[in-house]
Number of protein chains: 4
Amino acid sequence: MDDAHKIRIAVLGASGYTGAELLRLLLRHPAAEIVALTAEKNAGQPAGAVLPHLAFENLPPLVKTGAVDWKDVDLAFGCLPHGTSQEVIAAIPKSVRVVDLSADFRLAGIHDYATWYGHPHRAPELQKDAVYGLTEIYRDRVKGARLVANPGCYPTSAQLPLIPLLKARLIATDDIIIDSKSGVTGAGREVKQANLYAEVAEGISAYGIASHRHTPEIEQGLSEAAGKEIKVNFTPHLMPMNRGILTTIYVKLASGKTADDLRKELNRFYVKEPFVKVLPTDALGPATRYVRGSNGCGIGVYADRLPGRAILVSVLDNLVKGASGQAVQNMNVMFGLPETAGLEGLALFP
Amino acid sequence: MDDAHKIRIAVLGASGYTGAELLRLLLRHPAAEIVALTAEKNAGQPAGAVLPHLAFENLPPLVKTGAVDWKDVDLAFGCLPHGTSQEVIAAIPKSVRVVDLSADFRLAGIHDYATWYGHPHRAPELQKDAVYGLTEIYRDRVKGARLVANPGCYPTSAQLPLIPLLKARLIATDDIIIDSKSGVTGAGREVKQANLYAEVAEGISAYGIASHRHTPEIEQGLSEAAGKEIKVNFTPHLMPMNRGILTTIYVKLASGKTADDLRKELNRFYVKEPFVKVLPTDALGPATRYVRGSNGCGIGVYADRLPGRAILVSVLDNLVKGASGQAVQNMNVMFGLPETAGLEGLALFP
Amino acid sequence: MDDAHKIRIAVLGASGYTGAELLRLLLRHPAAEIVALTAEKNAGQPAGAVLPHLAFENLPPLVKTGAVDWKDVDLAFGCLPHGTSQEVIAAIPKSVRVVDLSADFRLAGIHDYATWYGHPHRAPELQKDAVYGLTEIYRDRVKGARLVANPGCYPTSAQLPLIPLLKARLIATDDIIIDSKSGVTGAGREVKQANLYAEVAEGISAYGIASHRHTPEIEQGLSEAAGKEIKVNFTPHLMPMNRGILTTIYVKLASGKTADDLRKELNRFYVKEPFVKVLPTDALGPATRYVRGSNGCGIGVYADRLPGRAILVSVLDNLVKGASGQAVQNMNVMFGLPETAGLEGLALFP
Amino acid sequence: MDDAHKIRIAVLGASGYTGAELLRLLLRHPAAEIVALTAEKNAGQPAGAVLPHLAFENLPPLVKTGAVDWKDVDLAFGCLPHGTSQEVIAAIPKSVRVVDLSADFRLAGIHDYATWYGHPHRAPELQKDAVYGLTEIYRDRVKGARLVANPGCYPTSAQLPLIPLLKARLIATDDIIIDSKSGVTGAGREVKQANLYAEVAEGISAYGIASHRHTPEIEQGLSEAAGKEIKVNFTPHLMPMNRGILTTIYVKLASGKTADDLRKELNRFYVKEPFVKVLPTDALGPATRYVRGSNGCGIGVYADRLPGRAILVSVLDNLVKGASGQAVQNMNVMFGLPETAGLEGLALFP
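Just so it is clear, the model here is predicted, and its values are computed rather than measured.

The rules behind the values
- Residues numbered from 1 in each chain as written.
- Chains lettered and ligands numbered in written order.
- Predicted model: local features only at pLDDT ≥ 70, side-chain atom pairs only at ≥ 80, totals over all residues.
- Helix = DSSP H or I, 4+ residues; strand = E, 2+ residues; numbered from the N terminus.
- Rg over C-alpha atoms; globule rule 2.2 N^0.38 Å.
- Buried ≥ 20, exposed ≤ 12 C-beta atoms within 10 Å, placed from the backbone.
- Contact = placed C-beta atoms within 7 Å.
- Least-squares fit on C-alpha atoms with pLDDT ≥ 70 in both.
- Domains from an automatic or database assignment.
- Nonpolar A, V, L, I, M, F, W, Y, C, P; charged D, E, K, R; others polar.
- Pairing = 2+ DSSP bridges.
- Right-handed = clockwise from strand over helix to strand, strands pointing away.
- Core = buried A, V, L, I, M, F, W, Y, C linked by C-beta atoms within 7 Å.
- Axes fitted to C-alpha atoms, helices over the stretch in contact; angles between N-to-C directions.
- Parallel < 35°, antiparallel > 145°, perpendicular 65-115°, else oblique.
- Left-handed = near helix turned anticlockwise from the far one by under 90°.
- Expected span 1.5 Å × (residues − 1).
- Arc of directions from axis to C-beta.

A closer look at the overall build of chain A
A tally of regular secondary structure across chain A gives 11 helices and 14 strands. Compactness check: chain A gives a C-alpha radius of gyration of 20 Å against a globular reference of 20 Å for 350 residues, within 12% of the reference. With respect to the three principal axes, the spread of C-alpha positions in chain A is 60 × 45 × 40 Å. In chain A, which comprises 350 residues, the share counted as buried stands at 61%. Excluding contacts between residues fewer than 6 apart, the proportion of contacts in chain A whose partners are at least 24 apart in sequence is 70%.

Focus on the relation of the copies chain A and chain D
Laying chain A over chain D is done by rotating through 180 degrees and shifting 0.0 Å along the axis; what remains is an RMSD of 0.0 Å. When the rotation and shift are considered jointly, the pair of chain copies conforms to a two-fold rotation axis. Most of the interface of chain A is mirrored in chain D, where 100% of its interface residues again form contacts.

Remarks on the domain arrangement of chain A
Parsing chain A into structural domains produces domain 1 (3-129) and domain 2 (153-318). A breakdown of the residues in the side of domain 1 of chain A that touches domain 2 of chain A according to their chemical character gives 6 nonpolar, 1 polar and 2 charged.

Thoughts on the environment of Arg213 of chain A
Residues and elements named next belong to chain A. Relative to the helices and strands, Arg213 resides in the loop between strand S9 (205-206) and helix H9 (214-226). In this structure Arg213 comes out as partly exposed when scored by C-beta crowding, with 19 C-beta atoms within 10 Å. The sequence separation of Arg213 and Val313 amounts to 100 residues, and the corresponding C-alpha distance is 21 Å. In contact with Arg213, other than residues within four places in its own chain, are Ala103, Trp116 and Tyr117.

Considering the relation of the copies chain B and chain A
Relative to chain A, chain B is turned by 180 degrees and slid 0.0 Å along the rotation axis, the superposed coordinates differing by an RMSD of 0.0 Å. With an isologous cut-off of 70% or more, the 100% of interface residues of chain B that recur at the interface of chain A puts this contact in the isologous class.

Quick word on the interface of chain A and chain D
Listed as interface residues are 16 residues of chain A and, on the opposing side, 16 residues of chain D. In terms of residue count, helix H8 (residues 197-200) of chain A provides more of the side of chain A that touches chain D than any other element does, 3 residues in total. Looking at the side of chain A that touches chain D residue by residue, the class counts come to 9 nonpolar, 4 polar and 3 charged.

Concerning the sheet that holds strand S13 (residues 297-303) of chain B
Think of a sheet as strands paired side by side through backbone hydrogen bonds, with each pair either parallel or antiparallel. Residues and elements named next belong to chain B. One open sheet accounts for 7 strands, arranged S9-S10-S8-S11-S14-S13-S12; its pairing is mixed. Taken across any chain shown, the strands that pair with only one partner, and hence form the sheet edges, are strand S9 (205-206) and strand S12 (276-278). Where S12 meets S13, 3 bridges bridge the pair, whose relative direction is parallel. Across the sheet, the residue bridging to Val276 is Cys297, located in S13.

Quick word on the interface of chain B and chain A
If you look at the interface, chain B gives 41 residues, while chain A gives 41 residues. Split by residue class, the side of chain B that touches chain A holds 20 nonpolar, 11 polar and 10 charged.

Observations concerning the pairing of strand S5 (residues 97-100) of chain D
All names here are of chain D. Across 4 bridges, the pairing between strand S4 (residues 75-78) and S5 is parallel. By the bridge assignment, Leu75 is partnered in S5 with Arg97. What joins S4 to S5 is helix H3 (residues 85-90), and the crossover it makes is right-handed. Examined bridge by bridge, S5 and strand S7 (residues 147-149) share 3 bridges and lie parallel to one another. Directly across from Asp100, in S7, lies its bridge partner Ala149.

A short note on the nonpolar core
In terms of nonpolar packing, the biggest core is built from 474 residues, with Val11 of chain A, Val11 of chain B, Val11 of chain C together with Val11 of chain D touching the most fellow members. When residues no more than four places from it in sequence are discounted, the contact partners of Val11 of chain A are Gly19, Leu22, Leu23, Ile34, Leu37, Phe77 and Cys79 of chain A.

Overview of the packing of helix H7 (residues 153-167) of chain A against H9 of chain A
Geometry of a packed helix pair, given as the angle between the helix axes and the separation of the axes. Residues and elements named next belong to chain A. In the contact formed by H7 and H9, the axes pass within 9 Å of each other and the chain directions differ by 20 degrees. The angle between H7 and H9 places the two elements in the roughly parallel class. The interaxial crossing formed by H7 with H9 has right-handed handedness. Taking contact as the criterion, the partners of Tyr154, Pro155, Ala158, Gln159, Leu162, Ile163, Leu166 and Lys167 in H7 are, on H9, His214, Glu217, Ile218, Gly221, Leu222, Ala225 and Ala226. Residue composition of the contact of H7 with H9, by class: 10 nonpolar, 3 polar and 2 charged.

Side note on the pairing of strand S13 (residues 297-303) of chain D
Residues and elements named next belong to chain D. Most of S13 is tucked away, with 6 of its 7 residues classed as buried. The sheet contact formed by S13 and strand S14 (residues 309-316) spans 7 bridges and is antiparallel. Bridge pairing in S14 places Gly298 opposite Val315. Here S13 hands over to S14 after 5 residues, with Gly308 in that stretch at a positive phi of 75 degrees.

Re helix H10 (residues 259-270) of chain B
All names here are of chain B. With 12 residues, H10 should cover 16 Å at 1.5 Å per step; its first-to-last C-alpha distance of 17 Å lies within 8% of that length. Those residues of H10 lying buried are Leu262, Arg263, Glu265, Leu266 and Phe269. Each buried residue of H10 sits inside an arc of 165 degrees when the element is viewed along its axis, so together they form one side. Residues Asp260 and Arg268 are exposed on H10 and point more than 90 degrees away from its buried face.

Thoughts on the sheet that holds strand S12 (residues 276-278) of chain A
Residue and element names in this part refer to chain A. Spatially, the 7 strands line up as an open sheet ordered S9-S10-S8-S11-S14-S13-S12, and their pairing is mixed. Every interior strand has two partners, whereas the edge strands, S9 and S12, have only one. Strand direction decides the pairing type here: strand S8 (residues 177-182) and strand S11 (residues 245-252), joined by 6 bridges, are antiparallel. Residue Ile177 lies in a different strand from S11, and its bridge partner there is Tyr250.

Points about the environment of Ser85 of chain C
Looking at the element boundaries, Ser85 of chain C is found in helix H3 (residues 85-90). Along the chain, Ser85 of chain C and Asp104 of chain C lie 19 residues apart, while their C-alpha atoms are 6.5 Å from each other.

Some remarks on helix H6 (residues 135-144) of chain A
Residues and elements named next belong to chain A. The complete set of buried residues in H6 reads Thr135, Glu136, Ile137, Tyr138 and Val142. Buried residues of H6 fall within an arc of 150 degrees about the axis and therefore sit on the same side. Along H6, exposed side chains directed more than 90 degrees from the buried face belong to Asp140 and Gly144. Those residues of H6 hidden inside the fold are in contact with strand S6 (131-132), strand S7 (147-149), H7, S12 and helix H11 (320-334).

Quick look at the environment of Val184 of chain D
Mapping Val184 of chain D onto the fold places it in the loop between strand S8 (177-182) and helix H8 (197-200). Taking C-alpha positions, Val184 of chain D is 9.4 Å from Asn318 of chain D, a pair spaced 134 residues apart along the chain. Not counting residues up to four positions away in its chain, the partners in contact with Val184 of chain D are Tyr197 and Ala198 of chain A together with Asn195, Val200, Leu238 and Asn242 of chain D.

So, unusual backbone geometry
Cis geometry marks the peptide bond from Phe349 of chain A to Pro350 of chain A; its omega dihedral reads 0 degrees. Structurally, Pro350 of chain A can be placed in the segment after H11. Positive phi, normally seen in glycine, also occurs at Arg169 of chain B, with a value near 60 degrees. Here Arg169 of chain B is to be found in the loop between helix H7 (153-167) and strand S8 (177-182). A count of 13 C-beta atoms within 10 Å places Arg169 of chain B in the partly exposed class. The phi angle at Ala210 of chain B is positive, at roughly 60 degrees, despite the residue not being glycine.

Looking at the packing of helix H7 (residues 153-167) of chain C against helix H10 (residues 259-270) of chain C
Residue and element names in this part refer to chain C. It is at 9 Å that the axes of H7 and H10 come closest, and there the two elements cross at 105 degrees. Taken together, H7 and H10 sit at an angle that is classed as roughly perpendicular. Contacts from Pro161, Pro164 and Leu165 of H7 reach H10 at Leu262, Glu265, Leu266 and Phe269. Class assignment for the residues of the contact of H7 with H10 results in 6 nonpolar, no polar and 1 charged.

As structure tokens, then:
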């Protein structure tokens, strides 16, 4: 692509893991030109100082957000912590389109945001314009959006298998149990004791039981699909791996339906999708290692030993399909590019 | 203790992980004397050749089972693969008591064994004498038993939280979902591709979905506790850690009951137990790293976001409370020793 | 590229880790067409059965070597175990060019092969034609080669820093100590106890001390560079990570030379190389995680506390620059393609 | 032991990893009574709040150092950061004996401390009384010491193999290269980016090359053994495991000596030691996993391919023999107890 027609991109909060992953993808994207990188604490340093694996790439230096010249920018990716993102994005000129990877614009209800995040939303009028960017489901809305709220990693892993089944009325709406197991980068690069190597390696723990902030985001998507308000059980676990989420979902079948019916519907729904793959019945159980580093999401469907129930298992890389990969996918949709542009990379196994 | 009164012990199948863990515990047990170690493939070698961490300990050499002089043995621990164990143990003189760590004698129904293990049981008459050794529950039966079937790791982690609640009629019997996450040693030291480092590290996978052989063992214990036949969903996952199982259990509350009622009952039931601990409400979520290397089992109880439901989380070390530690605990009960003898070791954290 | 002009490729031994990594790279290579995959044990299965991460890619089925129609093949990559490779490759028509990733054709001296591998070489005449494919050093020879012996992972990590320094006479030839730390995939996908997760995780061990088979390969390259026979100390260590080698090299400086002189020479030598990067003095210490999944090799140079000595540290991904990436790099050279074709992927961090 | 005669112990800085490990050992030590735990930031909390694996043990609450009643204390263990330790310990009454696990009192020369730690020593007069507690070497000095400076983890792993060889004049003093690989707990529980799981897992890095602060500590011990000032190369590496150090040492043999001579001397020197074991020639290479959780140190000796040189490899658990275990060993010596008291625990493998 002619450089003159490339998308000029700013990455806000480039020194964390989702920022790093965006850069990995965008540096090899045929239509992307990275024109600005911000990092409040590390402003003034070259990107390679905080992201040594990119030290030999041609990247602009890290600057404070205030130093970005927005006239040169077509698209901003927000990789800032929630709570911070909303204010920063509110200050960006409307001529710049935005894909925000934080949680700030994901909940349509301002009130829900305040309940789960503990403070009133600081850009409520902007929230109204935000489109929830679960690409396979909301592709049409994303296309024309100025502000896309990129989904959370857990919500992506839960909604992709469940939304088609709820739309097709194949499962009960009052008995959805979502048990997720996540690698550590899901918590970002924030320096806190719980994320130290020796606190994570060789162990697993449950956390945020029945109270994790991704719960309302999951419920919002499922409720829209079902046409009624849904509450779910969502129990996340932290385990020792860099990347990956495996989500095991326990559902009650609609009357007369079977696990095969669920698999068929998911197959039908996703058959043309390049990134979402329904596993055949004879495949090995889903494993995160088979999507590591790729934008893929694998879904398996299994009969339950309990009559009238079924089990869904989804796997994805939380930094790719669960964050930066889906963000690039949304960019592709917003700018009329092939949806797979820059996302063709295969999983790194082992 | 006077050496003349020590329990003379043979470990059958000493070269695997449960065998190694037994030796770790028995070598420091005040009343244990290890008199024979068997290992068919490695017979003739010193124990240190296959268990280098014990190379400087005083241990008998590895021999074939046929070379054991049973007159010198009070107790045999069976650490053989299932299917093999039943024949070997059938050939041991009745004067020798046995704690078998394989699955061979766990299912009371010979027919169930054949169904789940794919061949007729080879020692059906011996099966009748076997006592299921979930110590906290069946302590009285274990005391006088000649043959104790030591519980599986997953079943221990599922039954310890569930049995008291089923006995007290606090939860529904038709809607028990058990989602387990296990470290790799649960699969033993068998050399197969799925257990290679590069197939396990940095990933998680579901396996044996709705078909794992520990399912009937779990159901057997729960059914006895409930006084009726129970079927459960049991979904195991393999994750990258040496030791540990975390089991998340989703239950429906009996009418009018709350998560607090469950926690109270578990507290009441286990209050005097040295190894089973119910976490207070303000504790961090249960984590396997806090029981690694110890015989402890921690249980947390949480209200569910779905009305009328609750969440139980248990953690244990699959090689200790889930195998060799519980085996020693059973030995202590069988020989009238303090139940904690040789099992006082604290968790190794980190 | 027009499909009619793509390089038609057979991968021999496609079910192991180097085979898998080749497929990851070749499936996205603009000039590669994969026409045949062999796997003796798994012949008859689809590639996705043994490489589930590629299950949704368009790949030929696994066949036995004898079933390959060589008329359709321009280039064969050999990913077979050493000892096997030489016989299989000897049977391939001369019209097919070969990049062999095994150790079989790396040692120019047939006698050296017999000494280190314990049996006479089975294709001695073919050995004469083999070109050692350390691309940055032997690019000109590789260009016209029919058979390229792709370097071992350890030798690549040791020779890239050392060869320029020996050529420039900057270091002593009789005091080179090479301490390497490797991830587990360096040992291949062979199913053996030492590679089980629980034998590797949470530990490190030295192995093959002063006797590892990569030693003569290292010495061969260094000797050619120095113009005299060189012996080295090479001590490998196995550590818990999937990918990566870090090699720390302790050298004695030539009279009057400093660590800075070494760094300058390496900079001069590699300044135009796309894959080999000399770290600036103010960079963080070299780390394998910054090259994971990429074809890069990073080299740091440090003054020693011992006078007259210096320390070199190199990092690379053993499956990429240490195996399949360098193999593709050699293919690019052999077929007149841009050397970076298909190898532009950035490191996956974290 | 009668409680009235137990050693009354205060642990200063109990919330870190060495503090935690001390508690694990002391809680099962037959002669130890823990009477005070300090933790400046977490004062007021129960120990179980920061060390959940000890939540069910009988431990005093965390208090500030100023709240300790020193009349009740026989022995204080210092687990504070270096720089802090010296001031706190200077304020403890002389009636209390001290084992300090920080680096503060390890360097006999006040000037050396200032050079390497960047500030003048704050308790120079106390430094004079300090005894360096490498137990096997300085046991006699430790016995009567009031203040024992417990050795660093790296220095323990380097000095145990080297000191006997230097004393016996078996190796050259001007060519000692020490390449160490350490698990993450060596860096303590300090919350910093470099110790995050995702910065450590699946990688290895060299750091502190030729400048690590343990260098002068190593040189001090070796110089005393050699009877002359020695400088060494010491290059540490950080790798993904919780516990363990493997140190590979490259030495030049004294004229006419062989690797066998070295092994024999080490055997002679350590033959009666319960914790230091010289591996026989036919043993597997030393591996940290075989000493994990134990107070053992294994040493292997190997001929080098380079003539006139040899290779030493030592392994230990950095939190046990490299810190808290050796501290308890020193306590045992100081109080006339059997040196193995409380330290009999075997390695946890896997």
